[in-house]
Amino acid sequence: SEHKLSVAPEMDIMEYCRKEWRGNTPVAKKMRKGYEAVAQKFASIRRVRGDNYCALRATLFQALSQTTQLPSWLQSEDFTMLSENLLSKYDWIKQWQLKEKLGRKMGKISDEIKEYLILLRKKWKTISEIKGPIEKQEACDKLFKSEEEEYRLYEALKFLMLNTAIKLYSDDKNGRRVPVFSWLLFARDTSSNPCQLMHNHLNHIGHSGGLEQVEMFLLAYTLQYTIQVYRLYKYSTDEFITLYPNDPEEDWPVVTLITEDDRHYNVPVRMCQETML
């Protein structure tokens, strides 16, 4: 599986839709309408490998494909010290589970996560500095072919999501304003605090489960990107195009994904010329 492309080559959106949704059931009709609406804005679709990392993969792929600078949170001095700093405060983080290392005795987990964070920064910096769109796309394709590196990046993202959750939780406890999704995140029986969030949710992402809706908010907040999702099964409702977070910061870049069911995400590419103007 060394060179399977995690994000398939692009295909015309309507051609893809016709192949996937042939019948005349109400669901197929709704999906076709949804794809038609997306096709007003984007010409092609790229299918994303459907394992439990799919939401992370689609979001990171889109972010890297269009990045022109290193996000400020990746530039901070103490970014690479994050795992050591958090582990020194929260002993329970030692139970973080890394892909394919489940159930083994942890050496220095902070060293491994540090390595993943450094890799994320390095890859993001390299791709952001590529000027030509074709070269940039080739660099992304190459990265999303190298399974080992790719999964390290997802583990880095998950750890950054934990860090964001810890900050939001402590801000709320200290009476600072937090976004609404943060209350929802910690209102679940299974994640009433960051430790539970790690055990019951983040540790499972990529292994036995994907991202739930409220965790899409957490991902967007962590990356400081607005994630715009065409949710095709919600076509003709006001949730057809959903933004995470719903009140994004003005200066956050936007990435766009497509989902038919809130579980598997694909990426639309090639904005149609008129929408770019």
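Residues numbered from 1 in each chain as written. Predicted model: local features only at pLDDT ≥ 70, side-chain atom pairs only at ≥ 80, totals over all residues. Heavy atoms only, no water.

1. Describing the UniProt feature "site: Linear diubiquitin binding" (unreviewed entry) in the protein chain
According to UniProt, the "site: Linear diubiquitin binding" (unreviewed entry) feature falls on E239. For E239, a relative accessible area of 35% translates into the label partly exposed. Excluding anything up to four places from it in sequence, E239 contacts R231 and K234. Here R231 takes part through its side chain, which lies 3.4 Å from a polar atom of the side chain of E239. (UniProt positions renumbered as here; feature names shortened; annotations may be inferred. Buried < 20%, exposed > 50% of the residue type's maximum accessible area, 1.4 Å probe, protein only. Contact = heavy atoms within 4.5 Å. Polar contact = N/O pair within 3.5 Å; in protein donor to acceptor, adjacent residues only side chain to side chain.)

2. Some details on the packing of helix α3 (residues 54-66) against helix α8 (residues 147-173)
Between α3 and α8, whose axes approach to 10 Å, the crossing angle comes to 100 degrees. Relative to α8, the element α3 lies roughly perpendicular. Contacts between α3 and α8 pair L56, R57 and L60 from the former with E150, Y151, L153, Y154, L157, K158 and M161 from the latter. Partitioning the contact of α3 with α8 into residue classes produces 7 nonpolar, no polar and 3 charged. (Axes fitted to C-alpha atoms, helices over the stretch in contact; angles between N-to-C directions. Helix = DSSP H or I, 4+ residues; strand = E, 2+ residues; numbered from the N terminus. Parallel < 35°, antiparallel > 145°, perpendicular 65-115°, else oblique. Nonpolar A, V, L, I, M, F, W, Y, C, P; charged D, E, K, R; others polar.)

3. A few points about the environment of Q137
Mapped onto the elements of the fold, Q137 is located in helix α7 (residues 133-143). For Q137 and F61, which are 76 residues apart along the polypeptide, the C-alpha to C-alpha distance reads 9.7 Å.

4. Focus on a negative patch on the surface
The grouping of D247, E249, E250 and D251 at the surface amounts to a negative patch. Residue placement: D251 occurs in the loop between β4 (241-244) and β5 (254-259). (Patch = residues over 30% accessible without salt bridge, like charges linked within 9 Å, V, L, I, M, F, W, Y side chains within 5 Å. Areas by Shrake-Rupley, 256 points an atom, 1.4 Å probe, with all protein chains shown as cover. Salt bridge = Lys/Arg side-chain N within 4 Å of Asp/Glu carboxyl O. Lys, Arg positive; Asp, Glu negative; His and termini not counted. Charge placed at Lys NZ, Arg CZ, Asp CG, Glu CD.)

5. Topic: the UniProt feature "active site" (unreviewed entry) in the protein chain
Residues annotated in UniProt with the feature "active site" (unreviewed entry) correspond here to D51, C54 and H264. The greatest C-alpha distance among the residues just named is 8.3 Å, despite their covering 214 residues of sequence, which places them together in space. Structurally, D51 is set in the loop between β2 (42-46) and α3. The contact partners of D51, leaving out residues within four places of it in the chain, are R57 and Y151. By the element assignment, H264 lies in the loop between β5 and β6 (265-271). Since its relative accessible area comes to 19%, H264 is described here as buried.

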